[in-house]
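# Examination of the molecular architecture
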Amino acid sequence: MIWWLPPAALLLDMLLPDPRRLPHPVQAIGRLANVLEKPARRSGHPILAGTWALALLLLASGAICAALVSLPFPAGFAASLYLAWSGLALGGLFRDGNEALVKIERAQMLASSGLVNAAGPEAELALTEARHAVQMLVSRDHWSMDAPALLRLPADSVSVNC
């Protein structure tokens, strides 16, 4: 292991949270999982198919990472640093968690203030914005949740990922 990689990734993460425009390795792994899952489900043996799909996913992900980090300098260096930085992703997690929390609190405030109709368009728009912000943190269905239920999700997601 390269001794400087974890501290460099942590420093980079503190200075630059995960950029939303760059492809994230977890997104690539998710896409690969979807590709592998479709033929596996058709096999008729869900547990065996899932096991094989997971094994292929892990082997492919590991092989791609190993190939990237073993590239000659500077490409291998850049790949190592990017994978460590994006794998850490604490800065982006905290940024997205805080954004979701602010939007949920705004939706709650609008709904309980009496200044706007709790079921009116402004309160509904604030709740929709809060749900979109929560979507950056969780994969479970949250679209039917009200603001108090949504409020638990950012804290759960941040604490689980830390």
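Before going into details, it helps to say that this report is about the structure given with it. (Residues numbered from 1 in each chain as written. Predicted model: local features only at pLDDT ≥ 70, side-chain atom pairs only at ≥ 80, totals over all residues. Heavy atoms only, no water.)

Applying the stated criterion across every chain yields a total of 3 aromatic pairs. Ring centres of phenylalanine 73 and phenylalanine 77 lie 5.7 Å apart, and the angle between their planes is 50 degrees; this geometry places the pair in the tilted category. Residue classification places phenylalanine 73 among the exposed residues on the basis of a relative accessible area of 67%. (Phe/Tyr/Trp six-rings, centres within 6.5 Å; stacked < 30°, edge-to-face > 60°. Buried < 20%, exposed > 50% of the residue type's maximum accessible area, 1.4 Å probe, protein only.)

A few words on the packing of helix H2 (residues 25–41) against helix H3 (residues 46–69). In contact at an axis separation of 9 Å, H2 and H3 are set at 145 degrees when each is read in the N-to-C sense. Where H2 crosses over H3, the two elements pack in a sense that is right-handed. Between H2 and H3, the contacting residues are Ile29, Leu32, Ala33, Leu36 and Ala40 on the first element and Ala49, Ala53, Leu56, Leu57, Ala60 and Ser61 on the second. Grouping the amino acids of the contact of H2 with H3 by side-chain chemistry returns 10 nonpolar, 1 polar and no charged. (Axes fitted to C-alpha atoms, helices over the stretch in contact; angles between N-to-C directions. Helix = DSSP H or I, 4+ residues; strand = E, 2+ residues; numbered from the N terminus. Left-handed = near helix turned anticlockwise from the far one by under 90°. Contact = heavy atoms within 4.5 Å. Nonpolar A, V, L, I, M, F, W, Y, C, P; charged D, E, K, R; others polar.)

Let us now look at unusual backbone geometry. Of all residues except glycine, most have a negative phi; of all peptide bonds, most are trans. Residue proline 74 is bonded to the preceding phenylalanine 73 through a cis peptide linkage, with omega at 5 degrees. If you trace the backbone, proline 74 turns up in the loop between H3 and helix H4 (75–88). Positioned with a positive phi, alanine 89 is a non-glycine residue whose angle comes to about 55 degrees. As for its placement among the helices and strands, alanine 89 is situated in the loop between H4 and helix H5 (90–113). Given a relative accessible area of 16%, alanine 89 falls into the buried group.

Turning next to helix H6 (residues 121–135). For H6, which comprises 15 residues, the first-to-last C-alpha distance of 21 Å matches the rise-based estimate of 21 Å (1.5 Å per residue) to within 8%. Of all the positions in H6, only Ala123, Ala126, Leu127, Ala130, Arg131, Ala133 and Val134 are classed as buried. Buried positions in H6, seen along its axis, are confined to an arc of 160 degrees and lie on one side of it. Those residues of H6 that are exposed and aimed more than 90 degrees away from the buried face are Pro121 and Leu125. Considering only its buried residues, H6 is in contact with H5 and helix H7 (147–161). (Expected span 1.5 Å × (residues − 1). Arc of directions from axis to C-beta.)

Our next topic: the pattern of salt bridges. For the structure on display, the rule yields 5 salt bridges. A salt bridge links arginine 95 to aspartate 96; the nearest nitrogen and oxygen atoms lie 3.3 Å apart. The exposure class of arginine 95 is partly exposed, given its relative accessible area of 30%. According to the relative accessible area criterion, aspartate 96 is buried, its value standing at 9%. (Salt bridge = Lys/Arg side-chain N within 4 Å of Asp/Glu carboxyl O.)

Geometric descriptors of this kind do not, in isolation, establish any biological role.
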